[in-house]
Structures are given as C-alpha cells and as structure tokens.
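Breakdown of the fold
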Amino acid sequence: MKKRGKNTLLSLLLAGLLLGGCSSQPGLPAEEDNADLVVVGFSQVGAESDWRNANTQSMLDALSAENGYRLILDDAQQKQEKQITAIRNFINQGVDYIVLAPTRETGWDTVLTEARKAGIPVIIVDRMIETGDPDLFTCWVGSDFRSEGDKAVQWLEDHQEGKELRIAHLQGSIGSSAQIGRTSGLDAGIGAHDNWKLVFRESGDFTQAKGQEMTEKLLSQEPSFNVLYSENDNMTYGAIEALESAGIEPGKDVTILSFDASSKALRLILDGKINYDVECNPLHGPRVRKIIEQLEKGETPLKYTYVEEVSFDSSNLLESVIEGRGY
Ligand code: GZL
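Residues numbered from 1 in each chain as written. Predicted model: local features only at pLDDT ≥ 70, side-chain atom pairs only at ≥ 80, totals over all residues. Heavy atoms only, no water.

Attention now goes to the packing of aromatic side chains. This structure, assessed with the given rule, holds five aromatic pairs. Between W155 and Y276, the aromatic rings sit 5.3 Å apart at their centres with planes inclined by 15 degrees, giving stacked as the arrangement. Here W155 is found in helix α5 (residues 145–159), whereas its partner Y276 is found in strand β10 (residues 276–279), with 121 residues between them in sequence. A relative accessible area of 9% means that W155 is categorised as buried. Put simply, the rings of F137, W140, Y304 and Y306 touch in pairs and so form one group of aromatic residues. Cation over ring: K264 sits above Y237, and NZ or CZ is 4.2 Å from the ring centre. Against the face of F137 rests K303, its NZ or CZ located 4.3 Å from the ring centre. (Phe/Tyr/Trp six-rings, centres within 6.5 Å; stacked < 30°, edge-to-face > 60°. Helix = DSSP H or I, 4+ residues; strand = E, 2+ residues; numbered from the N terminus. Buried < 20%, exposed > 50% of the residue type's maximum accessible area, 1.4 Å probe, protein only. Lys NZ or Arg CZ within 6 Å of the ring centre and 35° of its normal.)

Time to look at the sheet that holds strand β7 (residues 196–203). With respect to topology, six strands assemble into an open sheet ordered β7-β6-β8-β9-β10-β12, the strand pairing being mixed. A strand with exactly one partner marks an edge of an open sheet, and here the two such strands are β7 and β12 (311–312). Bridging between strand β8 (residues 227–230) and strand β9 (residues 255–260) involves three bridges; their strand directions are parallel. Its bridge partner being in β9, L228 is matched across the sheet by I256. Its contacts with the sheet put helix α7 (residues 208–221) on β6 (165–171), β7 and β8, and the angle it makes with β7 is roughly 135 degrees. (Pairing = 2+ DSSP bridges. Contact = heavy atoms within 4.5 Å. Axes fitted to C-alpha atoms, helices over the stretch in contact; angles between N-to-C directions.)

Attention now moves to the sheet that holds strand β11 (residues 304–306). Strands sit in the order β2-β1-β3-β4-β5-β11 across an open sheet of six strands; the sheet is parallel. Whereas interior strands pair on both sides, the edge strands pair on one side only; in this sheet they are β2 (69–75) and β11. Neighbour-to-neighbour, the strand axes of this sheet turn through a mean angle of 15 degrees, independent of strand direction. Where strand β5 (residues 139–142) meets β11, three bridges bridge the pair, whose relative direction is parallel. Along β11, the bridge assignment pairs G142 with Y306.

It is worth spelling out helix α2 (residues 50–62) at this point. Given a rise of 1.5 Å per residue, 13 residues ought to cover 18 Å, and the 18 Å separating the end C-alpha atoms of α2 matches this to within 8%. Burial in α2 covers these residues: W51, R52, A54, N55, T56, S58, M59 and A62. (Expected span 1.5 Å × (residues − 1).)

On average, the protein scores 92 in pLDDT, and the residues at 70 or more come to 90%. Segment residues 5–29 is flagged for pLDDT under 50; beyond a separation of four residues in sequence, or across chains, it makes 21 contacts in the model. (pLDDT = per-residue confidence, 0-100.)

Put into structure tokens, the structure is as follows:
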C-alpha cells in the first residue's frame, strides 16, 4: 500500500507486535508484500454481459501487480446495495483509490461522502452518477449513451424512410445511464416521426436470459412489430433465440438494432441477423490507469472523458475489424 495505506499497514504491524507477534507474524495480511503497490478498490456492476466481462478483464490487465497495482475487485451482482457495502469495505481497508462502475445513477451521495471524508479519491467508470455535489468524485470516463441512441435512430431514419415502424424495445437495467441515454434517444426519434409507433417496452436487465424471456412475452402480446431496439448485445442474442424458435427471421422479418458491438454481435451482422450495432467500448482499464498515474504525479486529469465510439452495419463491417476487436 502507498501513502494512505501506510497508516493501515502500520496499525496492522503494531497490532501484530502488541499481540506478541513481529513483522513476520504469519497472520499479517498479504499487504506486507504489496508495500509499493497502488491499492485500488474496484466496485464492478456484475458479470451480466460480454461487455461487462470485457470491461472487468480490461481493468484486471491494466491494474496488475506487474504494472504496480493491487486491484481489489468486487462483483456487485447488479445490486447497488452490494456496491455500497464494497465501497465501505474499501474505505476500512484504507485503499489508495476507489473505482466505481455504478449500477444506477442515483443513491451515491452518502457513501461517496464517506470516501471523501476518508480522503480516498473516487473515479467513476462506464455509467454516470447523478449528484448535486460533483466534487464527490475526482473524474469520470465512459460513453455518451444518448448519442448512442441518436445514432440508432439516425440509422432507422436513413434506412427505413417513410415506413410504418412498429417498434419493440428491450431496455437495459432500469436507472442505469446506458438505459436512460439509449431510451431517451429512441423516445426522441419516436416523438419526431408520426409513422413510428412503440408497441412494446420491457427491461431485459442487459442479460441474454431476460432478453429471451421478454421477447417471448413480446411474441405472445404484440407479434405485429417490425423493429427490435435492444439496448445491449446479450439481450439481442436472447431475442434472436426467441425469434428463430417462432420461425421469424431476425434481420429480415424484423429489423434489429443493438448496442455494444461485441465480436459475436458483429458476426451476426455479417450473417444478416443484426442490422445495426452501436459500439460501446468497454476497454476502460488503460484509461483508468492513466488517470491514476496522473493523480499519483499530482496532476489534474480531465473531470469527464468521453470515449470515441463508432457503429456498424453490413456496409462498413470488415472481417478484419472483428478479428482485431479485443472483445
Ligand atoms: C454500457 C454498459 C452496459 C452495456 C451492457 O456502458 O454499462 O452494461 O451496454 C452492460 O452490455 O451490461
């Protein structure tokens, strides 16, 4: 542990001595071997999607011991209360930095105030938090989710000109920035086109299983839809399962728009089963590492960093793009 953690390590060492032990007391935590590492507590949303797993791996690769870090990873299983507990544990452990990938936008002020009182910088990654006190976090790096939704709507305008669209909408985890932004883009599109009608809206919570379940519900309730707007690829995979089981050709009988643009989804574009996929880049590990390195040097990183993202359909997708994708 560096700086802040020394007090913690010192208190642990003293505790060991007072208990008749010495610095080699076997009961001392591994931290003794990590004296020079920057200790980072990372509260991750969960493992709900391929995107999330790629995001976790990117953080593990960037904040590795070889790179000078000890990363303490906590998987919140998509529950905010588990994230709040994890952050309090990081504070008690005296980590040097806290990285939070927030499940939802609201409900963070109390625990982030505790982190500030403990003098631990907080970096928000991926989704955004809603707070009246932006000083509760040092900086944020992630995506512009409204812009992602706008890209999908623009593609529909360009490729479905004048058609009567009956849109089924699979939302991500309700209250997450990704869901809020992508939904607001679609709502703006529907509001601007008299010939676009929303016929179904349910949350698939960004998982493949729930995406399939909600599409089965859609097929039973509103089979007249001709567009599926699915807020992440894993829900889209589940939806494709359900459509094909019902004898419906995804990408042909139903136009499918998806988000994340992971390799598996891009292959489905080449197979004609997904029509358009908006990239949401999960490889935040190097970006977070760069921010921490700036802070370690006493520099001030940008408060907000939006990552550059592109989109794909059959007109611009090459096999080479998929091969070099990394997730
Ligand atoms: C987006 C991220 C979303 C992805 C999903 O930045 O928060 O969460 O779109 C993931 O795949 O589950």
